[in-house]
Amino acid sequence: MPNPVVAIVGRPNVGKSTIFNRIIGERMAIVEDIPGVTRDRIYSKAEWTNKEFHVIDTGGIDLGDEPLFSQMKQQAELAINEADVIIFLANGRDGITGADEEVSAILHRSNKPVVLAVNKIDNHEMEQLIYEFYALGIEDVYPVSGSHGLGIGDMLDAVIHHFPEKDEVEYDEDTIRMSVIGRPNVGKSSIVNAVLGEERVIVSDIPGTTRDAVDTVFERDNQEYALIDTAGMRKRGKVYENTEKYSVLRALRAMERSDVVLMVLDIEEGIREQDKKIAGYADDAGRAIIIIVNKWDAVDKDDKTMSEFEEKVRDGFQFLSYAPILFLSAKTQKRMQHLLPMVKQAADNHKLRVPTNVLNDVILDAVIMNPTPTEANRRLRINYATQVAVGPPTIVLFVNDPELLHFSYRRYLENRLREAFQFEATPLKVLARKKND
């Protein structure tokens, strides 16, 4: 199931970004470790008591020159539309303000779970300041201090208590779940229609005209697919037009429910920074990825056009070197016949399990060809390897010291594994664990 979404809302200067940073801890720095991907700091993955979730700082959303209250109202509406649980943050030192009451009224009408966090309660003597906030009519009220980290755990306990129990849609294990992601107007809806062979989704040249996403189950060549259409990840209206990057959340949740992600690019517009951000989250999600270059019919071509654009894609998405690239035109159906066979192969590769003895033979050959690195007269020793998971395939190397497995040698081993086995289109995790003597 997709990770739940938690949004932090409240008027300016109550400490939303500080609380956001407290919740995500070091997670953002880890996520940003992928070369070539810049991140919007308004959302990140977080974890509390072994439960992962997405957290959003709505204060980081640029709403242009809107009046202050209008911005707060629209940020609250974004949270209501996208979040499973809302953290309503107030400033305990200021008491209840008119703006707090207005936001509270909006949240009450949403019927979404709300946890009221009263910030800047920096010591126990100040906890009495929270009592007046019960007048806002929210049951869960918690004193917190973003600057000192006090009360964050109790607040998060309340937040995860409200998480949904399970995904609303469950599919058979053999069903291949696929999602279509990308910036607005790159042709996601057209690709959905071309795959299904029907005009199920409104197609328009105006960005943002697609309605909310609905899964579609279909069968082709005795294989069942569930198409998780993320074309609806951007709603109409001024607030969404000003917050395009916020719409990535819908894509994130769809990815987490998918086996295979179709990352759609528009060959006429080329590669944008937003494309890289969306693709970075697809890689983070650990799903199989196929890069779709759409509108192939709309460009003048010669015998070098495809190879030249493919080179641009590889340069722009270096972290997706494992992802195959398919040039097609959803409008004219050109090359569409290649798509579903590629999806099927990608899904199979994503779930591929390698026998332990064969895996160790490949690792041994790799070490003979390129001996393990040394550091301070200590050499990395790989005792044995085993695959511990699929979706994506995850290999654990049992070694004498995990710190000796440098990034470059890990990448070398990953490349050898990709040469030996069918891992095209899927991420591959290679982890190191200390062997117990």
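Look up: the structure comes first, before these words.
Here the structure is a predicted model, which is why all the values come from computation and not from measurement.

What follows concerns the packing of aromatic side chains. Under the criterion given, the structure shown has eight aromatic pairs. Between phenylalanine 317 and phenylalanine 319, the aromatic rings sit 6.3 Å apart at their centres with planes inclined by 65°, giving edge-to-face as the arrangement. For phenylalanine 317, a relative accessible area of 2% corresponds to the buried category. Taking relative accessible area as the criterion, phenylalanine 319 reaches 11% and is therefore assigned buried. Through successive ring pairs, a cluster of aromatic residues spans Trp296, Phe309 and Phe327. Directly above the aromatic system of tryptophan 296 lies the positively charged group of lysine 301, at a separation of 5.0 Å from the ring centroid.

Reading across the sheet, the three strands line up as 15-16-17 and stay open at both edges, with mixed pairing between neighbours. Single-partner strands in this sheet number two, and they are strand 15 (382-389) and strand 17 (429-434). Across the sheet, the mean angle from the axis of one strand to that of its neighbour is 25°, orientation sign disregarded. Here helix 12 (residues 356-369) sits on the sheet and contacts strand 15 and strand 16 (394-399); the angle it forms with strand 15, its principal contact strand, is near 135°. Contacts from helix 13 (residues 407-420) reach strand 15, strand 16 and strand 17, with the element oriented near 125° to strand 17.

Moving on: the side chain of threonine 305. Note on placement: threonine 305 falls in helix 10 (residues 305-316). We classify threonine 305 as buried; its relative accessible area is 15%.

With that out of the way, let us pick up the side chain of arginine 11. Position of arginine 11 among the secondary structure elements: in the loop between strand 1 (5-9) and helix 1 (16-24). For arginine 11, a relative accessible area of 11% puts it in the buried group. A distance of 3.2 Å separates the side chain of arginine 11 from the side chain of threonine 97, its partner in a polar contact. Polar side-chain contacts of arginine 11 include one of 3.2 Å to the side chain of aspartate 100.

With their axes 10 Å apart at the nearest point, helix 12 and helix 13 run at an angle of 125° to one another. With respect to helix 13, the element helix 12 is oriented oblique. Viewed along their axes, helix 12 and helix 13 form a crossing whose handedness is right-handed. Residue-level contacts link Leu359, Val362, Ile363, Ala366, Val367 and Met369 of helix 12 to Tyr409, Tyr412, Leu413, Arg416, Leu417 and Ala420 of helix 13.

What counts and how
- Residues numbered from 1 in each chain as written.
- Predicted model: local features only at pLDDT ≥ 70, side-chain atom pairs only at ≥ 80, totals over all residues.
- Heavy atoms only, no water.
- Phe/Tyr/Trp six-rings, centres within 6.5 Å; stacked < 30°, edge-to-face > 60°.
- Buried < 20%, exposed > 50% of the residue type's maximum accessible area, 1.4 Å probe, protein only.
- Lys NZ or Arg CZ within 6 Å of the ring centre and 35° of its normal.
- Pairing = 2+ DSSP bridges.
- Helix = DSSP H or I, 4+ residues; strand = E, 2+ residues; numbered from the N terminus.
- Axes fitted to C-alpha atoms, helices over the stretch in contact; angles between N-to-C directions.
- Contact = heavy atoms within 4.5 Å.
- Polar contact = N/O pair within 3.5 Å; in protein donor to acceptor, adjacent residues only side chain to side chain.
- Parallel < 35°, antiparallel > 145°, perpendicular 65-115°, else oblique.
- Left-handed = near helix turned anticlockwise from the far one by under 90°.

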